[in-house]
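What follows is the residue order along each chain.
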Amino acid sequence: MLEYRVETSLADTRAASPLTRDAPFIFIAERLWLDFVNTDDLRRGVRYDALREFETFVQWLEAANVVDVERATGLRRRAVQQPSGAAAALVDARRVRASLRALAERGNTAEKARTDTLAEINRILGRSAGTRRLEPKGDGGFARSFVPVGDAFAGLMIPVVESAADALVIGELARIRRCADGRCPRVFFDGTKNGRRRWCDMATCGNRAKAARHRVRMRQADDGASNGDATEEPVD
């Protein structure tokens, strides 16, 4: 019988970091469930899907601290032994992500999005056998943990859906935003005091918007100068 441990905390805040060419994943949403939604991303006009295969899915789980190195190694080994199980887990993860995207984008205003996601959260929570615990962390804090028992692929989505459940319980949906850049699909939690965060990341979308505004001002200034030259009367 297999036993492993995954951890989740009430507030899964993460420091925003700029996306670089070498960064396979981004964690700018400040909530685990929103970072998971952002695994379906658009980078330089090209779609990047971290759930395109089971290996990248495991890499994301490891990068997000949902599983540790030992657990990730065990998942890879079991995926080779049970490819159908790994494929099913990947399909399930995509299903969860689609539901959570709907919650992030429409949950604050659409009751159906909330109801559908609630059913999806309860589906995941209800089928995973195991034990929930509260354990001390190395930094002096505490974290909730879930110890699934049985299926090697069971419980992978537990921390993600519990993070979404926290958003519903606490009432955070009004602070969930989609990036103001219409080309960017990323969502995030707006933790600013005034609730006016617009960009997923100032180093990428924010800077692009700033540069675009600068170009518009420069064109307007050039147009104004040209019009002034065209209307200037000759001096006798």
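Residues numbered from 1 in each chain as written. Predicted model: local features only at pLDDT ≥ 70, side-chain atom pairs only at ≥ 80, totals over all residues. Heavy atoms only, no water.

Notes on the environment of R132
Structurally, the position occupied by R132 is in strand β4 (residues 130-136). Residue classification places R132 among the partly exposed positions, given a relative accessible area of 45%. Separated by 12 residues in the primary sequence, R132 and R144 place their C-alpha atoms 7.1 Å from one another. (Helix = DSSP H or I, 4+ residues; strand = E, 2+ residues; numbered from the N terminus. Buried < 20%, exposed > 50% of the residue type's maximum accessible area, 1.4 Å probe, protein only.)

Points about the pairing of strand β2 (residues 40-43)
In β2, alternate side chains face the same way, and those of D41 and R43 are buried while those of D40 and L42 on the opposite face are not. Across four bridges, β2 lies against strand β3 (residues 46-49) in antiparallel orientation. Opposite L42, over in β3, you have R47 as the bridge partner. (Pairing = 2+ DSSP bridges.)

What to know about the packing of helix α2 (residues 54-63) against helix α3 (residues 69-81)
Interhelical geometry of α2 versus α3 gives an angle of 170 degrees and a closest axis separation of 10 Å. One way to sum up the angle between α2 and α3 is to call them roughly antiparallel. Between α2 and α3 lies a crossing of right-handed hand. Between α2 and α3, the residues in contact are F54, E55, V58, Q59 and E62 and V69, A72, L75, R76 and A79, respectively. Broken down by class, the residue content of the contact of α2 with α3 amounts to six nonpolar, one polar and three charged. (Axes fitted to C-alpha atoms, helices over the stretch in contact; angles between N-to-C directions. Parallel < 35°, antiparallel > 145°, perpendicular 65-115°, else oblique. Left-handed = near helix turned anticlockwise from the far one by under 90°. Contact = heavy atoms within 4.5 Å. Nonpolar A, V, L, I, M, F, W, Y, C, P; charged D, E, K, R; others polar.)

Focus: the nonpolar core
Residues W33, F36, F54, F57, W60 and M157 are the most contacted members of the largest nonpolar core, which totals 52 residues. At the level of secondary structure, the elements contributing two or more residues to this core comprise α1 (32-37), α2, α3, α4 (83-106), α5 (111-127), α6 (158-170) and β7 (187-189). With sequence-adjacent residues up to four places away left out, W33 is seen in contact with L100, L103, A104, V160, S163, A164, A167, L173 and I176. (Core = buried A, V, L, I, M, F, W, Y, C linked by side-chain atoms within 4.5 Å.)

Notes on the state of the cysteines
All told, the structure shown has zero disulfides when counted by the stated rule. Residue C200 stays outside any disulfide, its sulfur separated by 3.7 Å from that of C205, the closest cysteine. What makes C200 buried here is its relative accessible area of 1%. (Disulfide = S-S within 2.5 Å.)

Examining the packing of aromatic side chains
Throughout the structure, instances matching the rule amount to four aromatic pairs. A network of ring pairs unites the aromatic residues F27, F36 and W60 as a single cluster. The ring of Y48 is capped by R43, whose NZ or CZ atom sits 4.1 Å from the centre of that ring. (Phe/Tyr/Trp six-rings, centres within 6.5 Å; stacked < 30°, edge-to-face > 60°. Lys NZ or Arg CZ within 6 Å of the ring centre and 35° of its normal.)

Quick look at empty space enclosed by the protein
Applying the stated criterion to the full structure yields one cavity of 30 Å³ or more. Roughly 40 Å³ of internal volume is contained in the largest cavity. Around the largest cavity, the lining residues are P24, F25, I26, D35, N38, T39, R43, Y48, A50 and W60. Across the lining of the largest cavity, the residue classes tally to six nonpolar, two polar and two charged. (1 Å grid on protein atoms, 1.4 Å probe; cavity = no way out; pocket = protein on both sides within 12 Å on 5 of 7 lines; lining within 4 Å. Points joined across faces, edges and corners; volume = space filled by probe spheres on them.)

Focus: the pattern of salt bridges
A full pass over the atoms with the stated rule returns 17 salt bridges. Residue R43 pairs with D41 through a salt bridge whose shortest N-O separation is 3.0 Å. The residue K112 makes a salt bridge to D116 at a minimum N-O spacing of 2.6 Å. Placement of both K112 and D116 in helix α5 is noted, with a separation of four residues, approximately one turn of the helix. A single salt-bridge network, built from bridges that share partners, covers D40, R47, D49 and R97. (Salt bridge = Lys/Arg side-chain N within 4 Å of Asp/Glu carboxyl O.)

So, the confidence of the model for the protein
Of all residues in the protein, 75% attain a pLDDT of 70 or more, and the chain-wide mean is 81. For the protein, the element scoring lowest by mean pLDDT is strand β1 (residues 6-8), at 42; α1 scores highest, at 98. Note that residues 1-11 has pLDDT below 50 and, in this model, 46 contacts with residues that lie over four places away or in other chains. Taken as a whole, residues 13-22 scores under 50 in pLDDT and shows 22 contacts with residues more than four places along the chain or in a different chain. (pLDDT = per-residue confidence, 0-100.)

Some words on the environment of V149
Here V149 lies in the loop between β5 (142-148) and α6. Among the residues examined, V149 registers a relative accessible area of 31% and is labelled partly exposed. For the pair formed by V149 and G130, sequence separation is 19 residues and the distance between their alpha carbons is 5.3 Å.

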